[in-house]
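Fold and geometry: a report
The primary structure of each chain is shown beneath.
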Amino acid sequence: MKHSKVSNNVIRRLPRYLRKLDELSESGVNRISSFDLGQQLGLTPSQIRQDFSRFGEFGQQGYGYSVPALREHIAGILGMDRGYRAVLIGVGHIGHALIDNFCFSDWGVKLSAAFDVKPELIGSSFNGTAVRSMDELESYLSENPVDIAVLTVPKDAALPVTERLIASGINAIWNFTNVELTGPDSDVLVENIHFSDSLLSLSYYVSERRDEQQADK
């Protein structure tokens, strides 16, 4: 399976394809053309074919794509079948909400433990995930294979905790702290999540539409 020189834009579209294929499967759709898939996702058929061709040839001319087979291929490309394990650092509002409402296992990741500094949280369990003391972080990581750290600590703790994680061998971080953690030369894989970015992007498009409506009057 080909993976070299795949653009970030293509990678960002793969989860969209996965979600749509899950919807189609739940609706009983077993086959779909690039045209129909594009219509439902707001993409051109050629864009879809180009995206998939980065990883191999999954469709058949005149037949289209098998929904179950394509879903399996994309899940494999995204690493959902590799049994990745994660820990969550910081069981505050965002961390607690993720544990309770985001099903990591649905996306191929096992959330094996959570860590916090608050004595009242240590020893408790949320949605089957035990909360441990931050004092145990290094020993836990040395004894348990962990691929991804989910970082939901306060902003002032983001960099110190990140340094501890990197020193313990963690090289992939899902970052909800609103702090940019890495520079372009870093070896650490970081997905920085900024809720404000999405909100402000939406605000821009709302403003643009209203300006156009005002101009048309």
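This text follows the structure it describes.
What counts, and where the lines are drawn
- Residues numbered from 1 in each chain as written.
- Predicted model: local features only at pLDDT ≥ 70, side-chain atom pairs only at ≥ 80, totals over all residues.
- Heavy atoms only, no water.
- Phe/Tyr/Trp six-rings, centres within 6.5 Å; stacked < 30°, edge-to-face > 60°.
- Helix = DSSP H or I, 4+ residues; strand = E, 2+ residues; numbered from the N terminus.
- Buried < 20%, exposed > 50% of the residue type's maximum accessible area, 1.4 Å probe, protein only.
- Core = buried A, V, L, I, M, F, W, Y, C linked by side-chain atoms within 4.5 Å.
- Patch = residues over 30% accessible without salt bridge, like charges linked within 9 Å, V, L, I, M, F, W, Y side chains within 5 Å.
- Areas by Shrake-Rupley, 256 points an atom, 1.4 Å probe, with all protein chains shown as cover.
- Salt bridge = Lys/Arg side-chain N within 4 Å of Asp/Glu carboxyl O.
- Lys, Arg positive; Asp, Glu negative; His and termini not counted.
- Charge placed at Lys NZ, Arg CZ, Asp CG, Glu CD.
- Contact = heavy atoms within 4.5 Å.
- Pairing = 2+ DSSP bridges.
- Axes fitted to C-alpha atoms, helices over the stretch in contact; angles between N-to-C directions.

Our focus in this paragraph is the packing of aromatic side chains. Summed over the entire model, instances satisfying the criterion amount to nine aromatic pairs. Taken together, a centroid distance of 4.9 Å and an interplanar angle of 65° make the contact between Y17 and F52 edge-to-face. Linking Y17 in helix α1 (residues 8–26) with F52 in helix α3 (residues 45–53), this pair joins segments that are 35 residues apart in sequence. The burial state of Y17 is the same as that of F52; both residues are buried. Between the aromatic rings of Y204 and Y205, the centroid separation amounts to 5.2 Å while the plane-to-plane angle is 75°, which identifies the pairing as edge-to-face. Clustering of aromatic rings is evident, with ring pairs tying together F102, F104, W174, F176 and F195.

This part takes up the nonpolar core. Soluble, globular proteins show a tendency: their nonpolar side chains are buried together. Ranked by size, the top nonpolar core spans 22 residues in total, and within it Y17, L37, F52, F55, F58, L70 and I74 carry the most contacts. Mapped onto this core, the elements with two or more residues apiece are α1, α2 (34–41), α3 and α4 (67–77). The element that contributes the greatest number of residues to this core is α1, accounting for six residues. Counting 20 residues, the second largest nonpolar core, distinct from the first, contains I89, F115, A149 and L165.

It is worth spelling out a negative patch on the surface at this point. A contiguous patch of negative charge on the surface is contributed by E208, D211, E212 and D216. With respect to the helices, strands and loops of the structure, E208 is situated in helix α8 (residues 195–216).

Another point: helix α7 (residues 155–167). In an α-helix, one turn spans 3.6 residues, which is why side chains three or four residues apart end up on the same side. Restricting attention to buried positions, one finds in α7 the residues A158, V161, T162 and L165. Summarising the contacts, the buried residues of α7 are in contact with β3 (84–89), α6 (137–143), β7 (148–151) and β8 (172–175). After α7 finishes, the residue G169 shows a positive phi value of roughly 100°.

Attention shifts here to the pattern of salt bridges. By the definition in use, this model includes six salt bridges. Of the charged contacts, one joins R12 and E191 as a salt bridge, the two residues approaching to 2.6 Å between their closest N and O atoms. With R12 in helix α1 and E191 in strand β9 (residues 189–192), this pair connects stretches of sequence that are 179 residues apart. A salt bridge links R13 to D51; its shortest N-O distance comes to 2.7 Å. Of this pair, R13 sits in helix α1 while D51 sits in helix α3; the two residues are 38 residues apart in sequence, bridging distant segments of the chain.

Here the focus is the sheet that holds strand β6 (residues 129–133). Strand order in the open sheet formed by seven strands is β5-β6-β4-β3-β7-β8-β9, with mixed pairing between adjacent strands. Two strands lie at the open edges of the sheet, namely β5 (125–126) and β9, each paired on one side alone. Sitting on the sheet, α7 touches β3, β7 and β8, and the angle it makes with β7 is about 170°.

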